[in-house]
Amino acid sequence: LWVAVTTLLTVFLIRPNRNRVAFDALAGPTPGVLTTDRFPVYTHLKGRRRQVCWAHLRRDFQAMIDRTDAGSGIGEDLLLHADILFDRWQRVRDGTRSRRWFQRTHAGWLRAEVKALLESGSSAACAKTAGVCREVLAVEESLWTFARRDGVEPTNNAAERAVRHAVCWRKTSYGTDGETGSRFVERILTVVASCRAQGRNVMDF
């Protein structure tokens, strides 16, 4: 079950696999900037064409702490920086501050310190922590697209919220068995979610 969320449209897609073919069917050959998690199918999205979700990163940092091993200190420092980022970004979201303010006063030092922590963590004694730090370093530029591009958020929370209803429906209905059912489900989910985003009455539409 795939979903793509924009300001006015939410599009669902059901395919047998979570692979590049399915992704291309959803996003097309030349998508705009996309906010994603770090699932490998997104690795072809390079640099500023992608925003890596900070909510997922925060969970990874918490996992480093929860392992209570040689990598927990790095996890604590990274989690602190993630929380500072979210606190400052909330001021942009609520209109108290501008994106330009965030760029000028926070993006630079946050990026430098997070990168230094990831580099330090990539040689941590804990293999899992070191592996995650190296993986995040590989997409480091994509951690900060939201600070530069209007309309881009640091998380994919909108997609997570959008997919929740569909996942609940799938659990109670046991999913779809064939082409007809899959096309109906993805289309009716798309219509309902998009109408809601546009303030339109679903039944009238």
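These numbers come from a predicted model, not from an experiment. (Residues numbered from 1 in each chain as written. Predicted model: local features only at pLDDT ≥ 70, side-chain atom pairs only at ≥ 80, totals over all residues. Heavy atoms only, no water.)

(A) Just the packing of helix H2 (residues 54–66) against helix H5 (residues 127–137), in detail. Where H2 contacts H5, the two axes come as close as 10 Å, and the packing angle between them is 155 degrees. In terms of axis orientation, H2 runs roughly antiparallel to H5. The chirality of how H2 crosses H5 is left-handed. Side by side, H2 and H5 meet where Leu57, Asp60 and Met64 of the first sit next to Thr129, Val132, Cys133 and Val136 of the second. (Axes fitted to C-alpha atoms, helices over the stretch in contact; angles between N-to-C directions. Helix = DSSP H or I, 4+ residues; strand = E, 2+ residues; numbered from the N terminus. Parallel < 35°, antiparallel > 145°, perpendicular 65-115°, else oblique. Left-handed = near helix turned anticlockwise from the far one by under 90°. Contact = heavy atoms within 4.5 Å.)

(B) Up close: the nonpolar core. Counting residues in each nonpolar core, the largest one holds 30 residues, and the members touching the most others are Trp54, Phe61, Leu78, Phe102, Leu143, Trp144 and Phe146. The biggest single contributor to this core is helix H3 (residues 72–93), with 8 residues. Residues contacting Trp144, with those up to four places away along its chain left out, are Gln51, Trp54, Leu85, Leu110, Arg111 and Val114. (Core = buried A, V, L, I, M, F, W, Y, C linked by side-chain atoms within 4.5 Å. Buried < 20%, exposed > 50% of the residue type's maximum accessible area, 1.4 Å probe, protein only.)

(C) Examining the layout of surface pockets more closely. Space inside the largest pocket adds up to approximately 1,200 Å³. Lining the largest pocket are 40 residues, with Val5, Thr35, Asn156, Ala158 and Ala159 positioned closest to its centre. Those elements that provide at least two residues to the lining of the largest pocket are strand S1 (2–5), helix H1 (20–27), strand S3 (34–36), H3 and helix H7 (157–173). Among the elements that make up the lining of the largest pocket, the one with the highest residue count is H7 (8 residues). In this structure, the second largest pocket encloses a volume near 290 Å³. When contributions to the lining of the second largest pocket are tallied by element, the ones reaching two or more residues are H7 and helix H8 (179–198). Considering each element in turn, the lining of the second largest pocket owes the most residues, 5 residues, to H8. Here the lining of the second largest pocket is built from residues that sort into 7 nonpolar, 5 polar and 5 charged. (1 Å grid on protein atoms, 1.4 Å probe; cavity = no way out; pocket = protein on both sides within 12 Å on 5 of 7 lines; lining within 4 Å. Points joined across faces, edges and corners; volume = space filled by probe spheres on them. Nonpolar A, V, L, I, M, F, W, Y, C, P; charged D, E, K, R; others polar.)

(D) Representation of the pairing of S1 in the model. Relative to strand S2 (residues 10–13), S1 runs antiparallel, the two sharing 4 bridges. Each bridged residue has a counterpart across the sheet, and for Trp2 the counterpart in S2 is Leu13. Counted along the chain from S1 to the antiparallel partner S2, the turn is 4 residues long. (Pairing = 2+ DSSP bridges.)

(E) Expanded view of unusual backbone geometry. For Tyr174, which is not a glycine, the phi torsion comes out positive at approximately 65 degrees. Tracing the backbone through its elements, the reader meets Tyr174 in the loop between H7 and H8.

(F) Just the pattern of salt bridges, in detail. Per the counting criterion, the structure on display carries 14 salt bridges. Of the charged contacts in the structure, one is a salt bridge between Arg58 and Asp83, with a shortest N-O distance of 2.7 Å. Taken together, the residues Arg58 in helix H2 and Asp83 in helix H3 connect sequence positions 25 residues apart. The exposure class assigned to Arg58 is partly exposed, which follows from its relative accessible area of 31%. Judged by relative accessible area, which is 30%, Asp83 ranks as partly exposed. (Salt bridge = Lys/Arg side-chain N within 4 Å of Asp/Glu carboxyl O.)

(G) Structural view of the packing of aromatic side chains. Enumeration over the complete set of coordinates arrives at 9 aromatic pairs. Note on Phe23 and Tyr42: the rings are 5.6 Å apart at their centroids and 75 degrees apart in plane angle, and the pair reads as edge-to-face. Placement of the pair is Phe23 in helix H1 and Tyr42 in the loop between S3 and strand S4 (50–52), with a sequence separation of 19 residues. The pair formed by Phe23 and Tyr42 is uniform in burial state, with each residue classed as buried. With centroids separated by 5.5 Å and ring planes inclined at 85 degrees, the aromatic side chains of Trp89 and Phe102 adopt a geometry described as edge-to-face. (Phe/Tyr/Trp six-rings, centres within 6.5 Å; stacked < 30°, edge-to-face > 60°.)

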